[in-house]
Amino acid sequence: MTTATSTSPYSHAQIQVWLRGLLTIAWADGQFDRTEKETIQAIVTSELAPNTDFETLAPIEPEDLAAQLHLDDAAAQNFLRMAVMVAIADGVYSTAENEKITAFAQALSLESAALVSLQSTLTELTKPLESVGSSPAIPSSLHPPQPSMGRDPLKPAREWLDQLSVEDPRLARFICKLVPSQCPFERDVTLFGHKVVHIPPMCKLNPLYDQLVGLRFRALSYLADDCGEDVTPYV
């Protein structure tokens, strides 16, 4: 991989705290299984912080995150936007994820109408079939709120997320790995031989999918144009 020539505005310590915040969101709803953890671990150790012990990136409390990040308002907004992107990447915005993101926003002294509009998509975790016993709950899909009198309830969230600027090569690589290059195929989730939930293609499942795709494009452009990196591994 070509060495990035772009200067990062964030220190190594800040990136570690940033990652702990994102992982806190990823783990918030309890749907972070072993395969997903291994995927994120590979991204962190190979792309973001090669010298960091992944096991040290434990979830972080909002007050500790705010105290250790030391971000100005613009950078703090970027962190919050990326936290939301991590939450909605799987097409589900759960109550647990919303509570963590709201707590981060309060600790960072941020107010955003976008978070209010995003809360209109909140879904509770549905119970699995009784036959699977004590298996973990399976999240229901993120359902967009119904338009009211021709208005798009998610417009504030769309506009806010589209303002996420990419200015660090480590975080840009994280985005390129996190957001798939193509809309994933629909699939069935089964537990112990029983179909539990049907997941349609992400582009149909996630009303904010265009924001994820746009962010991925900006990350690719930043790595290629500003950092001079070869982005073919991400295409």
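From a predicted model like this one, the values you see are computed outputs, not experimental measurements.

A. Main features of the overall build of the chain. In terms of regular secondary structure, the chain is built from ten helices and four strands. Each helix and strand of the chain, placed in order from N terminus to C terminus, yields the pattern α-α-α-α-α-α-β-β-α-α-β-β-α-α. In the chain, once contacts between residues fewer than 6 apart in sequence are set aside, the share between residues at least 24 apart is 76%. Of the roughly 12000 Å² of accessible surface on the chain, a fraction of 52% belongs to carbon and sulfur atoms.

B. Focus on the packing of aromatic side chains. Scanning the model with the defined rule gives three aromatic pairs in all. Here Tyr10 and Trp18 contribute two aromatic rings whose centre-to-centre distance is 4.9 Å and whose plane-to-plane angle is 55 degrees, an arrangement assigned as tilted. Exposure remark for Tyr10: the relative accessible area of 8% places this residue in the buried category. Overall, the relative accessible area of 1% leaves Trp18 in the buried class. Consider the rings of Phe79 and Phe104, whose centres lie 5.7 Å apart with planes at 65 degrees: the pair is edge-to-face. With Phe79 in helix H4 (residues 73–88) and Phe104 in helix H5 (residues 95–107), the pair connects residues that are 25 residues apart, well separated along the chain. Accessibility assignment for this pair places Phe79 and Phe104 in one class, buried. Linked through ring pairs, Tyr10, Trp18, Phe79 and Phe104 together constitute an aromatic cluster.

Reading the values: rules and limits
Residues numbered from 1 in each chain as written. Predicted model: local features only at pLDDT ≥ 70, side-chain atom pairs only at ≥ 80, totals over all residues. Heavy atoms only, no water. Helix = DSSP H or I, 4+ residues; strand = E, 2+ residues; numbered from the N terminus. Contact = heavy atoms within 4.5 Å. Areas by Shrake-Rupley, 256 points an atom, 1.4 Å probe, with all protein chains shown as cover. Phe/Tyr/Trp six-rings, centres within 6.5 Å; stacked < 30°, edge-to-face > 60°. Buried < 20%, exposed > 50% of the residue type's maximum accessible area, 1.4 Å probe, protein only.

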